Structure formats: C-alpha cells, structure tokens
Amino acid sequence: MTEALKRVRDYEEQTEMQTGSCARPLLHLTPRVGWMNDPNGFSFYQGQYHLFYQYHPYDKRWGPMHWGHAVSKDLIHWEYLPAALAPDQVYDGKGCFSGSAIELPDGRHLLMYTGIVETERPEDGGRELQVQCLAVGDGKDYKKWEKNPVLTENDLPENASRYDFRDPKIWYENGRYYCVTGNCTEERDGQMLLFSSEDGFSWSFLKTLIRSGGRFGRMWECPDFFALDGKRVAIASPQEMLPEGLEYHGGNGTLCMIGALDASGEFIGEHCHAIDYGIDFYAPQTVAAPDGRRIMIGWMQNWDTLGYRPEEPLPWFGQMSLPRELSVRDGRLIQTPVRELCAHYGREAAQRDIIISGESSLPGICGRVADLTVDIEPSDTERLYRRFEMRFVDNGANYACVCYDPYEAVVEIDRRYSGTRVDAVHQRSCNVRQSGGRLRLRLILDRFSAEVFVNDGEQVLSMALYADTESDGIRFLASGEAKVSAVLHELL
Ligand code: FRU
C-alpha cells in the first residue's frame, strides 16, 4: 500500500472515532469524512452493491481526488469501507477522477478511472492532461495496473481535447468490453467517445458516439450508455449549459438522450430531456442490478450551488441521491425510488379525499424522514383550483415547499424560507403533463434533503435541504378547492 493510501485510511479511522455519532442523513450516503462529489464504480460485486465516490477526506471542499468506498445489500443503508484509491502515481498524481467498475470473469473487480497528470510541456500551457487508468481488486483493496495509463491523448480522434477527456463508464456486451468517456472538441463542444477492449485491459478508440453540436453546453462530464426497454439511453452532465425554458437551467446540468443504434452502430437520438429538474443533482451513474433493473444514483449537489451549506459544523459535505429505478416510457426516462425503500417503512398514516381550501394540516400526516404520496385533483370538475402548495419541514416560521400551478402545468420546489441565510438558487420549476388539475407527488424527505417525484417519476426535482432537523410539520394550501389524498410512511 502506498503512503498516500495508508494516510487516508488511518485518517478515516481516527476521525471516525471522534465524529462517529454526528448527524447524517438516514437513507442517503455521505462521505465518511470531508468532501464528496460524483458517484463512481457503482456495481454489484460479490453479493453486494459497491459505490465509490469522488472524495477529499481532508477538507469539506474539493481537493486532490481520492475514491471513497461504501457497500450496501439493499441500496439504502451503506457501510463504509476504507478509501480505495489515492492520487499517488505519476499518471494520477493530481487526482483520481471519476470512473466506473465491473467484475472480471476471474472474479476480480476492475476499476476504470481518470488520472490527472501534471505536465511541463510548453504546449500544454500549465494545463493538466487527463488519461484513463485501471485498478484491480477484491472489493476492498485495489492495485493500480502496471501498464497504466491505458488510454491517453494518443488514442483520441482528431480535434478532441486531451485536457477534457475523463469519466470512463465501462460495460460488457456481446463478448467485448466497452467504455464511453466524456470529452469536448478543441472548440469545447461536448461529445461522448466510445472505446472497446477484448479483455478490459487493452483499449482502443472506436468512434465519437454522440456530438452535442452546440446544443447542450460545453464539456460533457460523466457519461453513461445502456440499453433499456428496447431503447438505448445516453446520459451526460454537460458544463456551461444555456438555459432553455424550464427544461434546462444554466450552468452544470443533466441530460438524457433516448434513441436507438442503427445497423451501422450509429446512435440515433429520438428524445432528450433533463434528468432532474431540481437544484441539486449531477453526474448520475447507473448499474444493472442482478434482477435486471437499471438503477441510477446521482450526486445530490451541484457545482453551482455549493454556497448553500449547513450552519452546524458537520464533518462531511455532499451526499448521494436515493438510488432510482429507471424505465423508458413515451420517450421519457422514468425514475422511481428503489423498491427496497419500502422495507424501511415505519408508522403509516393515510387521509383520503379531503377537500383543501385555504390552509390545513391533516391528522397523522407529518414527519421529518418520510415517504409521502399525495394525489391532488379538482374537487369539482367544472371548477379548477388555482394553486396547490405542500409545505414540509414546517415549524410555523420556516418551511420548504412544492407548489403546483394546474393552469400552467408547472411544479416548483422552493427552499427560500427553510431557515437559510444564504442567497443562492433556492427555487426550480419544471413543466409537467397537463391533466386537468390531477397530479401525483411523491416526496422523499430525509434529514438533509428532499426529492420530489412527479406523476410516478415522469419528472424529479431534488434538493439538499439544511432546515431544522426537528421540524416535522406538513401543511397543505389551496387557492380554490382541491381534493387531496395523502399516504405517509415514516422511514426508519
Ligand atoms: C463531475 C467532475 C468529473 C470529474 C470529477 C472530479 O462532477 O467534474 O468530470 O471526474 O468531477 O472530481
């Protein structure tokens, strides 16, 4: 083991003794200590899910990237393992950036990640090169491959940037390994590159799989590419997006492209849309579960909203979203919380067909860590209500909320009044299906986040939320008359 890896592993153990009982989300993974960004190496290996993450243990801010490591049997409760990678080689000395994992036929676990290389060549003008590297292990300890790096600037097609070439996502299909990486052209137009390999160790460039063509931001980070429900789905997290209506916001966004491969293997895109319409979601990665489900997890944070932080001093910053089951329906990527969540249900409360006009709370419908589904419809089909609002983490003074305008068919999340003193992005909205005032909202509320699934996962809006962890009020407000049914499960 290198000095750098030993140092981080010792540091994890020491700090854990001091901070073992600190406040953390109940159901969302946070870094063992320090800073977390992208999910990495999401895989099912030797009977459990492995999730690695971009990790700077020594600070709650981004820094030299390590890979943190956690495992779970049910995708809900995670157990920490020692850090898996530290930046300790010439080819990754400036950081072990994002990547993925797969099991090899001989039972070893293969990690593929981006190494950040310092160069002193005058033509690089101080910029770092990005190369793809491998590490092989047993689910706990990993050894970097002696022939690293396995993909470098020499493998890139013409006009592809060697400074923005990262985040390999590996998979196995029809007897071969493939990976896609994020990249951009010299002019900084985003693209996804496809590579292939016979054995997972020796790689070559196949083609530029998708080009942004100026449509979606600049550099495309953290790509993924998989088959689902008879389609091919490509996902990416483009930097420097331009806003487009309520579909894409400016800055770092998420993008899903649904299409098919034609006879010559070209990806023909048919539909595209944002993956999460909330404030905090980025760099998602998927895994194929042993039962065939495609499951996605994302960093429940965004580079553009890092200014919003908890007031209390916690030893960690950054968290993962809840893992989501994916499907494709009517040209959209549908997302629902993994069904494993239901095994963590505690107290149940249900209220059906209640008319809300003005402001009310409903008996039993309260809780601070909960899974709440609310069906809303007009009380009278002739008269549509004007606005519906559901407040949560409500203590009378502060709250966060989700609102619905049935005329515009817009859903909005808002954390402005949740007690924060920071002026940052606190509201985001999206268009939802026009449905005469009928809407289903499912809110997953944890101690430090809220995720809102609209109409059984047609849209999702996620946000980190540093509201008082004791405030458990839930209130409903309607202008006009809305008929509401609510089912709440406290989560344990
Ligand atoms: C995305 C990203 C990746 C990179 C990693 C660095 O959030 O910028 O492209 O590999 O974070 O931590």
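Residues numbered from 1 in each chain as written. Predicted model: local features only at pLDDT ≥ 70, side-chain atom pairs only at ≥ 80, totals over all residues. Heavy atoms only, no water.

**Student:** What should I look at first to understand the nonpolar core in this one?
**Tutor:** Across soluble globular proteins, nonpolar side chains have a tendency to be buried as a group. Phe-388, Phe-392 and Phe-476 are the most contacted members of the largest nonpolar core, which totals 105 residues. Looking at this core, the element that brings in the most residues is strand S31 (residues 473-491), giving eight residues. If you count residues domain by domain, this core takes at least three from each of domain 1 (3-12 + 26-341) and domain 2 (344-491). Among all residues touching Phe-476, those that are not within four sequence positions of it are Ile-356, Gly-358, Glu-359, Ser-360, Leu-362, Ile-365, Val-374, Phe-388, Glu-389, Met-390 and Ala-486. If you look at the next biggest cluster of nonpolar residues, it comprises 19 residues, including Ile-102, Val-136, Val-150 and Leu-156. (Core = buried A, V, L, I, M, F, W, Y, C linked by side-chain atoms within 4.5 Å. Buried < 20%, exposed > 50% of the residue type's maximum accessible area, 1.4 Å probe, protein only. Helix = DSSP H or I, 4+ residues; strand = E, 2+ residues; numbered from the N terminus. Domains from an automatic or database assignment. Contact = heavy atoms within 4.5 Å.)

**Student:** When you look at the site of the ligand in this model, what are you seeing that I'm missing?
**Tutor:** By nearness alone, every residue bordering the ligand is listed as Asn-37, Asp-38, Gln-54, Trp-62, Met-65, Phe-97, Ser-98, Arg-166, Asp-167, Glu-221, Tyr-282 and Trp-303. Take Asp-38: an N or O atom from its side chain is 2.7 Å from an oxygen atom of the ligand. Between Arg-166 and the ligand, the recorded distance is 2.8 Å, taken from a side-chain N or O atom to an oxygen atom. The fraction of the free accessible surface of the ligand (320 Å²) that becomes covered by protein chains is 96%. Mapped onto the shell around the ligand, the elements with two or more residues apiece are strand S1 (34-45), strand S5 (96-103) and strand S9 (160-173). Across the shell around the ligand, the residue classes tally to five nonpolar, three polar and four charged. (Near = heavy atom within 4 Å. Polar contact = N/O pair within 3.5 Å; in protein donor to acceptor, adjacent residues only side chain to side chain. Areas by Shrake-Rupley, 256 points an atom, 1.4 Å probe, with all protein chains shown as cover. Nonpolar A, V, L, I, M, F, W, Y, C, P; charged D, E, K, R; others polar.)

**Student:** Please explain the domain arrangement of the protein chain as it appears in this structure.
**Tutor:** Accessible area lost on assembly of the parts is the figure often given for the size of an interface. Once the domains are mapped, the protein chain shows domain 1 (3-12 + 26-341) and domain 2 (344-491). Just the C-alpha atoms count here: the centres of domain 1 and domain 2 sit 31 Å apart. Each partner contributes to the interface: domain 1 provides 39 residues, whereas domain 2 provides 39 residues. Between domain 1 and domain 2 lies a buried interface of about 3,300 Å² when both sides are counted; carbon and sulfur atoms form 58% of it. Counting the contacts that link domain 1 with domain 2 gives four salt bridges. The residue Glu-458 makes a salt bridge to Arg-329 at a minimum N-O spacing of 3.6 Å. Applying the counting rule to domain 1 against domain 2 returns 21 residue pairs in polar contact (both at pLDDT 80 or more). Among the elements of the structure, strand S19 (316-317), strand S20 (324-329) and strand S21 (332-337) are those that each provide at least two residues to the side of domain 1 that touches domain 2. Of the residues forming the side of domain 1 that touches domain 2, the biggest block, six residues, is contributed by S21. Taken together, the residues of the side of domain 1 that touches domain 2 break down into 18 nonpolar, eleven polar and ten charged. (Buried area = accessible area lost by both parts, 1.4 Å probe. Salt bridge = Lys/Arg side-chain N within 4 Å of Asp/Glu carboxyl O.)

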